[in-house]
Amino acid sequence: MNSLRSFRIIAVFALCLVLVVASIAIHNDVNHNLIPDTEAKPATRPSTVQPSAMLTVSLRDLGVVSMGTVVPNVATVKNTGNCGLRLRACSGGCRAPEFAAFRNALPAGATESLALRIRHDVPGTHESRAELYTDDPANPYLGFAFTYTILPQNGG
(Lines give C-alpha, C1' and ligand atoms only; values in the text may rest on other atoms or scores of the structure.)
Protein backbone atom coordinates (compact mmCIF):
# COMPACT_ATOMS: atom_id res chain seq x y z
CA MET A 1 0.00 0.00 0.00
CA ASN A 2 2.85 2.31 0.90
CA SER A 3 4.63 1.62 -2.40
CA LEU A 4 1.45 2.46 -4.36
CA ARG A 5 1.17 5.76 -2.53
CA SER A 6 4.86 6.54 -3.20
CA PHE A 7 4.36 5.72 -6.89
CA ARG A 8 1.43 8.16 -7.11
CA ILE A 9 3.46 10.93 -5.47
CA ILE A 10 6.38 10.35 -7.83
CA ALA A 11 4.02 10.29 -10.86
CA VAL A 12 2.37 13.58 -9.83
CA PHE A 13 5.79 15.13 -9.22
CA ALA A 14 7.03 13.98 -12.67
CA LEU A 15 3.92 15.36 -14.36
CA CYS A 16 4.38 18.72 -12.62
CA LEU A 17 8.03 18.78 -13.69
CA VAL A 18 7.07 18.11 -17.32
CA LEU A 19 4.49 20.91 -17.20
CA VAL A 20 7.00 23.37 -15.74
CA VAL A 21 9.63 22.51 -18.38
CA ALA A 22 7.03 22.82 -21.17
CA SER A 23 5.80 26.20 -19.93
CA ILE A 24 9.39 27.50 -19.71
CA ALA A 25 10.06 26.34 -23.27
CA ILE A 26 6.89 27.99 -24.54
CA HIS A 27 7.68 31.18 -22.65
CA ASN A 28 11.20 31.34 -24.12
CA ASP A 29 9.91 30.67 -27.64
CA VAL A 30 7.29 33.44 -27.37
CA ASN A 31 9.81 35.91 -25.95
CA HIS A 32 12.36 34.98 -28.62
CA ASN A 33 9.84 35.77 -31.36
CA LEU A 34 9.09 39.16 -29.76
CA ILE A 35 12.73 40.27 -29.81
CA PRO A 36 13.49 41.83 -33.20
CA ASP A 37 16.45 40.57 -35.19
CA THR A 38 19.39 42.97 -35.33
CA GLU A 39 19.92 42.20 -39.02
CA ALA A 40 17.53 44.18 -41.22
CA LYS A 41 15.41 42.00 -43.48
CA PRO A 42 13.07 43.26 -46.18
CA ALA A 43 9.41 42.94 -45.27
CA THR A 44 7.74 40.30 -47.40
CA ARG A 45 4.08 39.59 -47.66
CA PRO A 46 2.81 36.30 -48.91
CA SER A 47 1.22 36.91 -52.29
CA THR A 48 -2.27 35.68 -52.97
CA VAL A 49 -2.21 33.08 -55.69
CA GLN A 50 -5.46 32.97 -57.60
CA PRO A 51 -6.81 33.10 -61.13
CA SER A 52 -8.73 36.08 -62.43
CA ALA A 53 -11.12 35.81 -65.39
CA MET A 54 -11.90 38.72 -67.70
CA LEU A 55 -14.50 38.27 -70.45
CA THR A 56 -14.65 40.50 -73.53
CA VAL A 57 -17.61 40.03 -75.87
CA SER A 58 -16.88 41.06 -79.46
CA LEU A 59 -20.03 39.84 -81.21
CA ARG A 60 -23.59 39.99 -79.87
CA ASP A 61 -25.42 39.52 -83.19
CA LEU A 62 -24.17 36.40 -84.94
CA GLY A 63 -26.12 37.26 -88.10
CA VAL A 64 -27.70 34.70 -90.41
CA VAL A 65 -26.49 31.20 -89.65
CA SER A 66 -27.50 27.60 -90.23
CA MET A 67 -27.37 24.53 -88.03
CA GLY A 68 -23.81 23.33 -87.54
CA THR A 69 -22.22 26.72 -88.27
CA VAL A 70 -19.32 27.64 -86.01
CA VAL A 71 -19.09 31.39 -85.44
CA PRO A 72 -15.51 32.26 -84.43
CA ASN A 73 -14.25 35.11 -82.23
CA VAL A 74 -17.55 35.75 -80.44
CA ALA A 75 -15.76 36.49 -77.16
CA THR A 76 -12.42 36.11 -75.42
CA VAL A 77 -11.50 35.06 -71.91
CA LYS A 78 -8.25 36.31 -70.42
CA ASN A 79 -6.65 35.02 -67.24
CA THR A 80 -5.35 38.18 -65.56
CA GLY A 81 -4.47 36.25 -62.40
CA ASN A 82 -1.17 34.76 -61.28
CA CYS A 83 -2.03 31.05 -61.60
CA GLY A 84 -3.99 28.78 -63.90
CA LEU A 85 -7.69 29.43 -64.58
CA ARG A 86 -10.13 26.57 -65.15
CA LEU A 87 -13.14 27.01 -67.45
CA ARG A 88 -16.27 24.92 -67.90
CA ALA A 89 -19.01 25.60 -70.42
CA CYS A 90 -22.69 25.38 -69.71
CA SER A 91 -25.26 24.97 -72.46
CA GLY A 92 -28.70 26.55 -72.22
CA GLY A 93 -30.51 23.49 -73.59
CA CYS A 94 -30.39 20.84 -76.29
CA ARG A 95 -30.87 23.33 -79.14
CA ALA A 96 -29.02 26.29 -77.63
CA PRO A 97 -25.73 27.25 -79.26
CA GLU A 98 -22.73 25.78 -77.49
CA PHE A 99 -19.12 26.79 -77.22
CA ALA A 100 -16.95 25.10 -79.81
CA ALA A 101 -13.80 23.44 -78.46
CA PHE A 102 -11.71 25.62 -76.18
CA ARG A 103 -8.95 25.14 -73.63
CA ASN A 104 -10.45 24.37 -70.24
CA ALA A 105 -7.31 25.56 -68.43
CA LEU A 106 -5.61 28.88 -69.12
CA PRO A 107 -2.17 29.68 -67.72
CA ALA A 108 -1.66 33.07 -66.07
CA GLY A 109 -1.75 35.83 -68.70
CA ALA A 110 -3.22 33.58 -71.43
CA THR A 111 -6.18 34.50 -73.62
CA GLU A 112 -8.64 32.10 -75.25
CA SER A 113 -10.85 33.01 -78.20
CA LEU A 114 -14.34 31.54 -77.95
CA ALA A 115 -16.48 30.33 -80.83
CA LEU A 116 -20.13 29.24 -80.80
CA ARG A 117 -21.61 26.27 -82.66
CA ILE A 118 -25.24 26.65 -83.75
CA ARG A 119 -27.44 23.66 -82.87
CA HIS A 120 -30.79 25.20 -83.77
CA ASP A 121 -32.61 24.58 -87.06
CA VAL A 122 -35.91 26.39 -86.45
CA PRO A 123 -36.24 29.42 -88.76
CA GLY A 124 -36.44 32.86 -87.20
CA THR A 125 -34.47 35.20 -84.99
CA HIS A 126 -33.41 33.67 -81.70
CA GLU A 127 -31.99 35.10 -78.50
CA SER A 128 -29.69 32.95 -76.43
CA ARG A 129 -27.09 33.08 -73.70
CA ALA A 130 -23.58 31.65 -73.47
CA GLU A 131 -22.30 30.72 -70.02
CA LEU A 132 -18.92 29.76 -68.58
CA TYR A 133 -18.04 28.75 -65.05
CA THR A 134 -14.56 29.51 -63.69
CA ASP A 135 -12.55 28.91 -60.56
CA ASP A 136 -11.98 32.66 -60.17
CA PRO A 137 -13.44 33.50 -56.73
CA ALA A 138 -14.44 37.01 -57.89
CA ASN A 139 -15.97 35.85 -61.21
CA PRO A 140 -17.19 32.28 -60.86
CA TYR A 141 -19.76 32.80 -63.62
CA LEU A 142 -19.28 34.57 -66.97
CA GLY A 143 -22.19 34.94 -69.36
CA PHE A 144 -23.45 37.05 -72.21
CA ALA A 145 -26.55 37.30 -74.39
CA PHE A 146 -26.56 37.24 -78.19
CA THR A 147 -28.94 36.85 -81.13
CA TYR A 148 -28.83 34.95 -84.40
CA THR A 149 -31.16 34.31 -87.33
CA ILE A 150 -31.87 31.03 -89.10
CA LEU A 151 -33.42 31.21 -92.56
CA PRO A 152 -36.01 28.68 -93.72
CA GLN A 153 -34.63 25.65 -95.64
CA ASN A 154 -35.90 27.00 -98.98
CA GLY A 155 -33.95 30.24 -98.42
CA GLY A 156 -37.00 32.53 -98.19
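Before reading on, note that the structure itself is shown above.
Parameters and conventions
- Residues numbered from 1 in each chain as written.
- Predicted model: local features only at pLDDT ≥ 70, side-chain atom pairs only at ≥ 80, totals over all residues.
- Heavy atoms only, no water.
- Helix = DSSP H or I, 4+ residues; strand = E, 2+ residues; numbered from the N terminus.
- Buried < 20%, exposed > 50% of the residue type's maximum accessible area, 1.4 Å probe, protein only.
- Contact = heavy atoms within 4.5 Å.
- Areas by Shrake-Rupley, 256 points an atom, 1.4 Å probe, with all protein chains shown as cover.
- Pairing = 2+ DSSP bridges.
- Salt bridge = Lys/Arg side-chain N within 4 Å of Asp/Glu carboxyl O.
- Core = buried A, V, L, I, M, F, W, Y, C linked by side-chain atoms within 4.5 Å.
- Phe/Tyr/Trp six-rings, centres within 6.5 Å; stacked < 30°, edge-to-face > 60°.
- Polar contact = N/O pair within 3.5 Å; in protein donor to acceptor, adjacent residues only side chain to side chain.

Caption draft 1: View of the overall build of the protein. Per the secondary structure count, the protein includes one helix and nine strands. Helices and strands appear in the protein in the N-to-C order α-β-β-β-β-β-β-β-β-β. Residues counted as buried form 23% of the 156 residues belonging to the protein. Here the analysis covers contacts within the protein between residues at least 6 apart in sequence; of these, 63% occur between residues at least 24 apart. Here the protein has roughly 10700 Å² of accessible surface; of this, 59% comes from carbon and sulfur atoms.

Caption draft 2: Expanded view of the sheet that holds strand S1 (residues 53-57). Taken in spatial order, the four strands line up as S1-S3-S7-S5 in an open sheet, and their pairing is antiparallel. The sheet terminates laterally at S1 and strand S5 (98-99), the two strands that pair on one side only. Of the pairings in the sheet, the one linking S5 to strand S7 (residues 111-117) comprises two bridges and is antiparallel in character. The partner of Phe99 across the bridge, within S7, is Leu116.

Caption draft 3: Spotlight on the pattern of salt bridges. Across all of its chains, the model carries six salt bridges by this definition. For Glu98, the salt bridge is made with Arg119, and the minimal N-O distance between the two is 3.3 Å. In this pair, Glu98 is assigned in strand S5 and Arg119 in the loop between S7 and strand S8 (124-134), connecting sequence segments 21 residues apart. Judged by relative accessible area, Glu98 falls into the partly exposed class, the value being 26%. On the basis of relative accessible area, Arg119 is assigned to the partly exposed category, the value being 21%. In this structure, Glu131 engages Arg129 in a salt bridge whose closest nitrogen and oxygen atoms are separated by 3.8 Å.

Caption draft 4: How the structure looks around the sheet that holds S8. Spatial ordering of the open sheet is given by S2-S9-S8-S4-S6, a layout of five strands whose pairing is mixed. At either end of the open sheet lies a strand with only one pairing partner, and these are strand S2 (61-65) and strand S6 (105-106). As paired elements, strand S4 (residues 85-90) and S6 share two bridges and run antiparallel to each other. Following the sheet pairing, Arg86 is matched in S6 by Ala105.

Caption draft 5: Inspection of the nonpolar core at higher detail. In this structure, Leu62, Val77, Phe99, Leu116, Phe144, Phe146 and Tyr148 are the most contacted members of the largest nonpolar core, which totals 22 residues. Ranked by residue count, the leading element in this core is strand S9 (residues 141-150), at five residues. Setting aside chain neighbours within four positions, we find Val77 in contact with Met54, Leu55, Leu85, Leu87, Leu106, Ala110, Thr111, Glu112, Leu114 and Leu132.

Caption draft 6: Structural context of the packing of aromatic side chains. Tallied over the full model, the rule gives five aromatic pairs. Summarising the aromatic geometry, the rings of Phe99 and Phe102 are spaced 5.9 Å apart at their centres and angled 75 degrees between planes, so their arrangement reads as edge-to-face. You can call Phe99 buried: its relative accessible area is 10%. Cluster of aromatic residues (ring-pair linked, three or more members): Phe99, Phe102, Phe144, Phe146 and Tyr148.

Caption draft 7: Structural detail: the side chain of Glu112. On the secondary structure map, Glu112 appears in strand S7. For Glu112, a relative accessible area of 12% puts it in the buried group. A distance of 2.8 Å separates polar atoms of two side chains, one belonging to Glu112 and the other to Arg103. The contacts of Glu112, once residues within four sequence positions are left out, are Ala75, Thr76, Val77, Phe102, Arg103 and Leu106.

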